[in-house]
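Each chain is listed here by its residues.
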Amino acid sequence: MKAPICVPCKQEMQCELSDCIVNDPASGNFPATYWIGDKWKCPKCGHEIVAGCGIRGLTADKLDPDKVRNSIEFTYA
Ligand SMILES: [Zn+2]
């Protein structure tokens, strides 16, 4: 995919991390789910985004524990 664009800066973002893990915490009967995406950063304003997560999440046992510890917590609606 093309790099995302930072709208206020009119700059292409740069990929900072290609296997950035997002942790959607356990809720009710649903276990914690981990999504792997790309972390992008605007070189001008420093704004960061995660994009390109797949359609299927993973459980923690499929992942490196260090990466799980450093994951970004986010609850999908
Ligand atoms: Zn920017």
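Residues numbered from 1 in each chain as written. Predicted model: local features only at pLDDT ≥ 70, side-chain atom pairs only at ≥ 80, totals over all residues.

1. Digging into the overall build of the protein chain
Formally: Where helices and strands are cited, they refer to DSSP runs of H or I of at least four residues and of E of at least two residues respectively, numbered from the N terminus. A residue is called partly exposed when the number of other C-beta atoms within 10 Å of its own lies between 12 and 20, exposed at 12 or fewer, and buried at 20 or more, with C-beta atoms placed from the backbone.
A tally of regular secondary structure across the protein chain gives one helix and six strands. Helices (α) and strands (β) of the protein chain occur, in sequence order from the N terminus, as β-β-β-β-β-α-β. Structurally, the protein chain occupies a C-alpha span of about 45 × 25 × 20 Å along its principal axes. Looking at the protein chain as a whole, 9% of its 77 residues are labelled buried.

2. Overview of the pairing of strand β3 (residues 14–24)
This is how the line gets drawn: By this definition, two strands are paired if DSSP reports at least two bridges between them.
Where β3 and strand β4 (residues 33–41) come together, eight bridges link them in antiparallel fashion. Counted as the bridge partner of Gln 14 is Lys 41 from β4. Summarising the sheet, β3 and strand β6 (residues 72–73) pair through two bridges and their orientation is parallel. Counted as the bridge partner of Asn 23 is Glu 73 from β6.

3. Points about the sheet that holds β6
Taken together, four strands build an open sheet; the order of strands is β5-β4-β3-β6 and the sheet is mixed. Each edge of the open sheet is held by one strand with a lone partner, namely β5 (48–51) and β6. Relative to β5, β4 is paired through four bridges, and the arrangement is antiparallel. By the bridge assignment for β5, Asp 38 is matched with Ala 51.

Note that all results are geometric; they support no functional claim without further evidence.
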